Structures are given as structure tokens and as C-alpha cells.
Number of protein chains: 2
Amino acid sequence: MAFEFKLLYESKECDARLGEMHTTHGIVETPIFMPVGTKATVKTMTPEELKEIEAQIILSNTYHLYLRPGQDIIKEAGGLHRFMNWDRPILTDSGGFQVFSLGNLRKITEEGVAFKSYIDGSDHFISPEKAIEIQNDLGSDIIMAFDECTPYPCSYDYAKDSMERTTRWAKRCQEAHKNADLQALFGIIQGSMYKDLRLKSLEDLTLLDLPGYAIGGLSVGEPAELMNEVLEYTVPKMPRYKPRYLMGVGSPDYIFEAVERGVDMADCVMPTRMARNGAFLTSHGRLVIKNATYKNDFSPIDDNCQCYTCKHYSRAYLRHLFKENEILGARLATIHNLFFLINLMKNIRIAIKEENFLAFKNDFYKKYGYLNNN
Amino acid sequence: MAFEFKLLYESKECDARLGEMHTTHGIVETPIFMPVGTKATVKTMTPEELKEIEAQIILSNTYHLYLRPGQDIIKEAGGLHRFMNWDRPILTDSGGFQVFSLGNLRKITEEGVAFKSYIDGSDHFISPEKAIEIQNDLGSDIIMAFDECTPYPCSYDYAKDSMERTTRWAKRCQEAHKNADLQALFGIIQGSMYKDLRLKSLEDLTLLDLPGYAIGGLSVGEPAELMNEVLEYTVPKMPRYKPRYLMGVGSPDYIFEAVERGVDMADCVMPTRMARNGAFLTSHGRLVIKNATYKNDFSPIDDNCQCYTCKHYSRAYLRHLFKENEILGARLATIHNLFFLINLMKNIRIAIKEENFLAFKNDFYKKYGYLNNN
């Protein structure tokens, strides 16, 4: 089935919108939060548990899977869905972000990026064509163009050169893509925090008429206000009838801000990583379970939460599990944090539909705090 | 409900038997394998998952729970069942084995054992009365008398003194026990590898008319043949109409040998600990998943296995998870290994009933190996 995005509703209050992505492995409601399963597993979770918390799509990483177990093994397994036993949509990141995070271990040329494996020091080269070949082998429903994610801060000249190269690479990705009927290729808008570069990137990529577009290079250390500013001048100019994906964003407040500005998709390792460290997302902000105050607190993490963890376990028990480094603690925290974000996004969709988004956001901030809790 | 053991059937081929333990939290079929949840969690597993693999009873540890989170917290939570969200029977070890494992960190007197906490070096003292008080607070269905588990090898004189003290302590445990209508106190037969001591221990403890008896001090490093020998002269003399529990035994071959000699209950951390190290129990012996041969092996761990792991995941995927230290790997391996042992015990019960136990055992050994695979 070809990829299709249906724009279902646009808020009258703000730029928030409702939509549906139809993919090879099913429909995804937008705006959506995508749990991250970097290495072909959303850490600690089974696919059945992800379905129970109503995860509609997950993200996995081309770079990590290319290094281990390797694209050949996943291809031989029948693709990433079969390999990891997940039959709903998967989006794979292109590997650009990870490769560029390697610093001195990588070298960028027009052709692509040479880098050394963090596992065994072996030499590798990923070009736009290679990134697409790997993702074709993985068989993910949405694949990402190979881009350079610039750091923050970044000079204008570097950001300009990099953005232009990312655009040239996007074209090469589109040409190399062998599976456009089954896998939707998204382009990635770069340009650091420079308005003219962002708009130029957006304009050039739009000409490629790709099925969807992402905003990359945000949530890389810049102040929240700056991210919002970039979103404000970028998102409204993105194609109206195509999904808009803000990469690497996933704290509750950032999600509100992004959705308000017209973003349809977001992902972040934060909720799962926090969970493994014993930090729980709640309607009142973060709860650090190892705190002694929870020693004999037999109430659930969040009174209002309907997740498996909150229905069955007390703060005292969860604290005990974390104090003892028991794996069940990381599991129960991950279930809770992902449920929290997925459920929050569900309520956001309802609020958009009911033209109640801004009031819902303000109510949430009153208890949770605003852009200061991350 | 008072504890009751029903002897349902005795094999004509050997000393194996079928029974039922009726406890405050439900019925347990014997012979039974009990998964170990040392610190109020069977490592990596939820209670629902334990039920799915048909775990009927789990074991937890008084010593660990006394140190953390502490008996008061579990009592305040409403007992161990509520604390950990497990509503089926629980057996708690008395802490004797753990305290005596501390070596130089503990000092034994007639009154009890003084020891230092492995967590913070603080001083503690557990007497028979204290061990029972803690277990009364935990509210487990079966509680164990406070005993000394002697090491192997052990001199005759030490084994004799220790065994006699264990017997005196068992009497004190019985007197201190405040909850005999809800919690069944089991005595523990000691005496190292000395026949006269074992029989004396058994004889004296039998006079206490406790609801069940365990054989302690085995599986502590002695050769398998020696364990079998002790079982051969001990088990047949144990009360016929009371459950017989072999402590700390849980490899498939040892289970066969023990059940053949009349043992009704067994527990071991082996299957769960092995699982976390990537070793899977299969009908053909152990499978070490990190072995390179499984890199692109897309078959399940065990073709004949009906567990969740074998139904949904390949060796290649499991190897990938273990190579990447992904928690899901430990989870899937634990599910498999516990299912393997619980299902094996279920088939053993069927074989006993059908007077087919010895043939079943021999068939199993042909593929799995005999007492050489642990």
C-alpha cells in the first residue's frame, strides 16, 4: 500500500492539526509520539506491551542496526518487523544523527561519511545511497534521508554548507530508493537556528515532493525559546498535506509547544532513558523514586494514571525495586513513562478536535511546570 | 485456611509421588518447581507472566527482605503478596542459608546469629524467634525454620553440633510462630553427608509434627552421586503424608533424580540466573546464545517448546539482544527457562500418574545428558 497522509482537522486556536498516516503496516493517528527502539527493541518492552499502551508506531536506528546485527541478518530474517516481532509501523532514522555525533571518529565528504565503529574500531562508509540501501533492507514503513545534524551553536557558514549538502544528499536518497511503493522517504530540514537557511532548506526539499518532512537539528542543546522560534517560522511553510516530524523531541512540555506550532510527529529516548534511571513522568512533574520520602508510600506513582504500573504497584515497591537494581523496576517505569506520553498525546488529539487545546495545555502546565522540568 | 497436604498417588516404579498442598493462597500440585524471587520479584518477570507460564508458587528470601526494604515496610504494605502483587502461594526461606554464607561476617551462638549487613556494615542479630517474627510479618504461606546450612565438606563433629542446634532452633521456631493457622512452618533436616546425623535430625524434627519438612544442606558443592545417596536414605523415612522439599535444587537432571526418590518440592536460582547470562535450557541441553553459530539462525530456541519466547523470537534475534545487553533478552530467556522447568515438572507429574516416569526420565537423559550438564 502506498503511503498516504490524510489531514483530518486544523485547529482554529493555533497551528495544531489532526491527521492520519496510512502506511504499509497500518494507520497512525497524528499528532503522535513514537517510542524509540534504537536496537530493534524498545528497551525493556515486548511488542505486546507496546500495543497494550497503544503505541502506534516505533522508531529504530539504521546506524545501530547496520553495525549490529547487520543489515544482511535483518534482511534474511524477513525485515525488521519480523526480526523483532512488531507488526505495526516502524520509522527508521537514517543514521545521520548518530554518525555525526561521533566527532573525531568520522570524516565528511560530498560522497558521504567515513567513520570508525564504536564497537571494534573497524572502518565504515555511509553515503546517502548506502543509508537508503540499508533502510530498504530493514523494510521500515518510513525511512529518513541521510542528513547532517549540525550541533548547537553552529556558525552560519558551516550551517549553510551543511544544509546545502543535506539537500543534495536528499536528492541522491530519493534516486537510490528502490521501494517507494512500500516505504515512504522523508526529507530532513536543516539550517541550524538561521531563518533564511531553514526556509531555503525547506523550499529546496519541498521541490522533491517527498511524502513527508522532518525538522532536524533541534533539541540539540539550544534554549527552548529558540526551538519554538525555529518551529514558528518553519512549520507553517512546510507542505500542508504532508506529515511534519520534529526529530528528537519528547518531553511533555516540548510536545505541547511543538504540536501547537503544527508538528505531527515526535520521538525521544527521554521517557525510556529516564525510566531506567527511576524517574517517572507524572501530571505533577518528575518523580524520582529513589527519594527516601517514598520508602513507605503505598500510593501509586500517579493517582490519575491508568497504566499497568499505577494500577498494581506502590511507590514503596517501585522504590524497593530501584534500590535493588531489579529489572522489573526499569520495566514498570518504562511502561508508565511511555503510557504517560502516549496517553498525553491521545488527550491532546481529543483537545484539538474539541478546540480545547490551549486550555488543556495551560491546565497541564499549571501542575507540571513549563519548559523547566526537563 | 489451614495448610493441608494431600497425597494423591504413589508410583509403583519408584518413590515418586503426586500430591497437592492446600495453602492460604491456593493449591499447589506436587512435585513442583518453585521459581525464586529473592527480593520480592522473580528477576525480570511480572506476576502475570509467572501465571502465564503456570508458576503455582514462588520462593522469596527472609534475609534479603529483612535487610531491604525491611519487614516493617512489607507489613505496612499488607504483607508480601500485596507488596509484590502476587496472589498465589509464597514460600519464604528463613535466612539461614544466606546468613551462614556470610562466613567471617557472622557469629553463631546458641541464641542465634550475629552478622553485619552486606549493604552498610550495620550489625544485626537473627534468632529463631526473629526469623519467625519476620516471616509472620511477610505473611508467606509456607515459612521455614531457622537452620544452619553446613558447607561441604564438613567434619562429623561440626555437622553433629550444628544439626542438634538446628533441631533446638526448630523447636523455638515452632513456639514463636504466631500464625500457624495461616502459615505452615516447615522444619529443615540437616546432618551434612552423614547418614546417622541425617536420620537423627529427621527423627527429632518429626516429633515436632510440623506440616512439612525440607532437606537442607544439599546442592552445596557435593558430587551428584552423594546427593542422591543422602536422598535415598533420608526421603523414604520422612513423614509419608507431609510434603518433602529439597532446597536449592533445580537443574532438570537433579529434579528427575530427586522426584524419583520421593521429593515433592524444589527451588533454584539456576534457571533465572542462567537466563540472564544468555544460557537457555533445551531438551538437547544448554544453548549459549552468544555463540556465533546462532548469528543467522532463524529457528526458535527449542522447536518443541510452546513458550512465548519460542513462539515469537529466533535465535538470531535473541543473540542480538544479548550481544547488545538489551533487557528484553534477559526477559525472554527467563520466560523460556522457567517455562522449561515448570513444563518439565508438569510432564513429570503426568508420567508419574501414567506409571511412565522412568521411561520419561531415560528419554529425557538421552537428549539432555545425565548429571553432567550443570
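The coordinates are above.
Residues numbered from 1 in each chain as written. Chains lettered and ligands numbered in written order. Predicted model: local features only at pLDDT ≥ 70, side-chain atom pairs only at ≥ 80, totals over all residues. Heavy atoms only, no water.

> Explanation requested: the sheet that holds strand β8 (residues 113–116) of chain B in the structure shown.
Sheet strands line up and pair through hydrogen bonds in the backbone, either parallel or antiparallel. Residue and element names in this part refer to chain B. The 3 strands are arranged β7-β8-β9 in an open sheet whose pairing can be described as antiparallel. At either margin of the open sheet sits one strand with a lone partner, and together these are β7 (106–108) and β9 (123–126). Shown here is a sheet whose adjacent strand axes are inclined to one another by a mean of 15 degrees, direction ignored. The pairing of β8 with β9 spans 4 bridges and is classified as antiparallel. Across the sheet, Lys116 pairs through a bridge with Asp123, a residue of β9. (Pairing = 2+ DSSP bridges. Helix = DSSP H or I, 4+ residues; strand = E, 2+ residues; numbered from the N terminus. Axes fitted to C-alpha atoms, helices over the stretch in contact; angles between N-to-C directions.)

> Mind showing me how you'd approach the sheet that holds strand β9 (residues 123–126) of chain A here?
Residues and elements named next belong to chain A. The antiparallel open sheet is built from 3 strands, whose spatial order is β7-β8-β9. Each edge of the open sheet carries a strand with a single partner, namely β7 (106–108) and β9. Ignoring which end each strand starts from, the neighbouring axes of this sheet average 15 degrees apart.

> Would you mind going over the side chain of A:His336 with me for this structure?
Residue and element names in this part refer to chain A. Within the secondary structure layout, His336 lies in helix α14 (residues 327–353). Taking the relative accessible area as the measure of exposure, His336 reaches 0% and is therefore buried. Residues within four places of His336 in sequence aside, it is in contact with Phe280, Leu281, Ile301, Asp302, Cys305, Cys307, Thr309 and Cys310. (Buried < 20%, exposed > 50% of the residue type's maximum accessible area, 1.4 Å probe, protein only. Contact = heavy atoms within 4.5 Å.)

> I'm lost on unusual backbone geometry in this one. Help?
Trans peptide bonds make up most of the peptide bonds, and negative phi angles are found at most residues other than glycine. Residue A:Tyr152 is joined to A:Pro153 through a cis peptide bond whose omega torsion reads -5 degrees. Inspection of the secondary structure puts A:Pro153 in the loop between β10 (142–144) and α7 (156–176). With a phi angle near 80 degrees, A:Thr44 is a residue other than glycine that sits in the positive phi range. Locating A:Thr44 in the fold gives a position in the loop between β4 (32–34) and α1 (47–52). Unlike most non-glycine residues, B:Glu355 shows phi in positive territory, near 55 degrees.

> So what exactly am I meant to see when it comes to the relation of the copies chain A and chain B here?
Both copies of the chain are placed relative to one another by a rotation about an axis and a shift along it. Structural alignment of chain A on chain B gives an RMSD of 0.0 Å, achieved by rotating through 180 degrees and translating 0.0 Å along the axis. Read as a symmetry element, the transformation amounts to a two-fold axis. Looking at the rotation axis and the C-alpha trace of chain A, the residue lying nearest is A:Ile327, at 3.8 Å. Of the interface residues in chain A, 100% have counterparts in chain B that sit at the interface too, so the contact is made through matching surfaces. (Least-squares fit on C-alpha atoms with pLDDT ≥ 70 in both.)

> Is there a simple way to explain the pairing of strand β11 (residues 184–189) of chain B in this structure?
Residues and elements named next belong to chain B. Summarising burial for β11: 6 of the 6 residues are buried, a large majority. Side chains of β11 alternate between two faces, with Ala184, Phe186 and Ile188 and Leu185, Gly187 and Ile189 buried alike. Pairing of strand β10 (residues 142–144) with β11, which is carried by 3 bridges, proceeds in the parallel orientation. Within β11, the residue paired with Ile143 across the bridge is Leu185. As judged from the 4 bridges shared by β11 and strand β12 (residues 212–215), these two strands associate in the parallel manner. Within β12, the position partnered with Ile189 by the bridge is Ile215.

> I would appreciate a short explanation of the pattern of salt bridges in the present structure.
If the charged atoms of two oppositely charged side chains come close together, the side chains can form a pair. Throughout the structure, instances matching the rule amount to 54 salt bridges over all chains. The shortest N-O distance in the salt bridge between A:Arg331 and A:Glu49 comes to 2.6 Å. A residue pair is termed long-range when its members are at least 10 positions apart, and A:Arg331 in helix α14 and A:Glu49 in helix α1 qualify at 282 residues. The exposure classification of A:Arg331 matches that of A:Glu49, with both residues buried. Here B:Arg165 ties to B:Glu148 by a salt bridge, and the two come within 2.7 Å at their closest N and O atoms. Taken together, the residues B:Arg165 in helix α7 (residues 156–176) and B:Glu148 in the loop between β10 and α7 connect sequence positions 17 residues apart. Since its relative accessible area comes to 14%, B:Arg165 is described here as buried. (Salt bridge = Lys/Arg side-chain N within 4 Å of Asp/Glu carboxyl O.)

> I'm lost on the interface of chain A and chain B in this one. Help?
The extent of an interface is frequently quoted as the accessible surface area lost upon association of the parts. Of the residues lining the interface, 38 residues belong to chain A; the matching set on chain B comes to 38 residues. In this assembly, chain A packs against chain B so that about 3400 Å² is buried in total across both faces, 55% of it on carbon and sulfur atoms. Across the chain A-chain B interface, the total number found is 8 salt bridges. Here A:Arg68 ties to B:Glu324 by a salt bridge, and the two come within 2.4 Å at their closest N and O atoms. The tally of links from chain A across to chain B stands at 20 residue pairs in polar contact (both at pLDDT 80 or more). (Buried area = accessible area lost by both parts, 1.4 Å probe. Polar contact = N/O pair within 3.5 Å; in protein donor to acceptor, adjacent residues only side chain to side chain.)

> Even after reading the chapter, I still don't get the packing of aromatic side chains, so can you show me in this structure?
Given two aromatic rings, one states the distance between the centres and the angle between the planes to describe the pair. Residue and element names in this part refer to chain A. Applying the stated rule across the entire model yields 36 aromatic pairs over all chains. Taking 6.3 Å as the distance between ring centres and 35 degrees as the angle between the ring planes, the aromatic pair formed by Tyr63 and Tyr118 counts as tilted. Residue Tyr63 is located in helix α2 (residues 62–67), and its partner Tyr118 is located in the loop between β8 (113–116) and β9; the two are separated by 55 residues in the primary sequence. Under the relative-accessibility criterion, Tyr118 is labelled partly exposed at 40%. Plain terms: the ring middles of Phe256 and Phe360 are 5.7 Å apart, the flat faces sit at 55 degrees to each other, and that makes the pair tilted. Remark: Phe360 occurs in helix α15 (residues 357–368) and Phe256 occurs in helix α10 (residues 252–260); sequence separation between them is 104 residues. Residue class for Phe256 comes out buried when judged on its relative accessible area of 0%. Overall, the relative accessible area of 22% leaves Phe360 in the partly exposed class. (Phe/Tyr/Trp six-rings, centres within 6.5 Å; stacked < 30°, edge-to-face > 60°.)

> Looking at this structure, I do not really get helix α9 (residues 224–234) of chain A. What am I missing?
In an α-helix, one turn spans 3.6 residues, which is why side chains three or four residues apart end up on the same side. All names here are of chain A. By the criterion of burial, α9 is predominantly enclosed, with 8 of the 11 residues buried. For α9, the set of buried residues is Ala224, Leu226, Met227, Asn228, Val230, Leu231, Tyr233 and Thr234. Among the structural elements, β11 (184–189), α8 (195–206), β12 (212–215), β13 (244–246) and α10 are those in contact with the buried residues of α9.

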